[in-house]
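Working through the structure, step by step
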Amino acid sequence: VTIGGIAATKHVGLASAGAFSTPAQIWSALVPTGTSGNVFLTVPSGDLDGGAVYVWSSYNQRTPAATATNTSPSGGTLSVNVLAGGFVIGVAAASNATPQAFTWVGVTEDASDKVPNFQNSGAHAANCVAATPRTVTESSICTVVTASFR
């Protein structure tokens, strides 16, 4: 993955873990200039049947590293520590012919894609108060990953 020509870092990811899950990952890069850029995802031939890419931007991060991460192969509640003024990203992915009803608590859904056999959702919370932990819940039966940054 590259963002604005900069190699990105994978902070958290979870591979398929059951009949309804599909890989979900969070990547980032510190892009030193500009306010726009291309995002490129390189996938080995035949390894991607569907999916989505969601993009968030943040400015004046203290560090490019995620301050905390968590994963669940089947939805539910995740705990992720967040620093004061930080932000949290949540990504959910499902591989299921039955459309998922994504319901987030602790973050606000920004986008979702529901196409036959693949559903995805992305959510975030910004300018958070410090929490150890902050609870993030996603109620479907899919793969969920979270990361916090500051």
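We now turn to the structure provided with this report. (Residues numbered from 1 in each chain as written. Predicted model: local features only at pLDDT ≥ 70, side-chain atom pairs only at ≥ 80, totals over all residues. Heavy atoms only, no water.)

1. Here's the deal with the pairing of strand β8 (residues 87-94)
With 8 of 8 residues buried, β8 lies mostly within the body of the structure. By the alternation rule, side chains of β8 split into F87, I89, V91 and A93 and V88, G90, A92 and A94, which are all buried. Bridging between β8 and strand β13 (residues 143-149) involves 7 bridges; their strand directions are antiparallel. Looking at the pairing, I89 lines up with A147 of β13. Direction of pairing for β8 relative to strand β11 (residues 118-125): antiparallel, over a ladder of 7 bridges. Bridge pairing in β11 links A92 to S121. (Buried < 20%, exposed > 50% of the residue type's maximum accessible area, 1.4 Å probe, protein only. Helix = DSSP H or I, 4+ residues; strand = E, 2+ residues; numbered from the N terminus. Pairing = 2+ DSSP bridges.)

2. Overview of a nonpolar patch on the surface
A contiguous nonpolar patch, built from V39, L41, V43, V53 and V55 and spanning about 420 Å² of accessible area, is present on the exposed surface. Its place among the elements puts L41 in the loop between β5 (39-40) and β6 (68-72). (Patch = residues over 30% accessible without salt bridge, like charges linked within 9 Å, V, L, I, M, F, W, Y side chains within 5 Å. Areas by Shrake-Rupley, 256 points an atom, 1.4 Å probe, with all protein chains shown as cover. Salt bridge = Lys/Arg side-chain N within 4 Å of Asp/Glu carboxyl O.)

3. Some details on the sheet that holds β13
Strand order in the open sheet formed by 5 strands is β6-β13-β8-β11-β10, and the pairing between neighbours is antiparallel. Whereas interior strands pair on both sides, the edge strands pair on one side only; in this sheet they are β6 and β10 (108-115). Going from strand to strand, the sheet's axes swing by 10° on average, the running direction of each strand aside. (Axes fitted to C-alpha atoms, helices over the stretch in contact; angles between N-to-C directions.)

4. What to know about the environment of V12
With respect to the helices and strands, V12 occurs in strand β3 (residues 9-14). Linking V12 and A147, residues 135 residues apart in sequence, is a C-alpha distance of 7.1 Å. Among all residues touching V12, those that are not within four sequence positions of it are A24, Q25, I26, T69, N70, T71, V145, T146 and A147. (Contact = heavy atoms within 4.5 Å.)

5. Describing the environment of H124
Turning to its location among the elements, H124 is positioned in strand β11. Each C-alpha atom of the pair H124 and T137 lies 12 Å from the other, and the pair is 13 residues apart in sequence. In contact with H124, other than residues within four places in its own chain, are W56, V88, I89, V107, T108 and D110. Only 2.8 Å separates the side chain of H124 from the side chain of D110, close enough to count as a polar contact. (Polar contact = N/O pair within 3.5 Å; in protein donor to acceptor, adjacent residues only side chain to side chain.)

6. Focus: the nonpolar core
Formed by 17 residues in total, the largest nonpolar core has its most connected members in V88, A92, W104, V107, V136, C142 and V144. Taken together, the elements giving at least two residues each to this core come down to β7 (76-82), β8, β11 and β12 (131-138). Aside from chain neighbours lying at most four places away, what touches V107 is V88, A123, H124, A125 and V136. The next biggest cluster of nonpolar side chains, apart from the first, holds 11 residues, and it includes V12, L14, A93 and A147. (Core = buried A, V, L, I, M, F, W, Y, C linked by side-chain atoms within 4.5 Å.)

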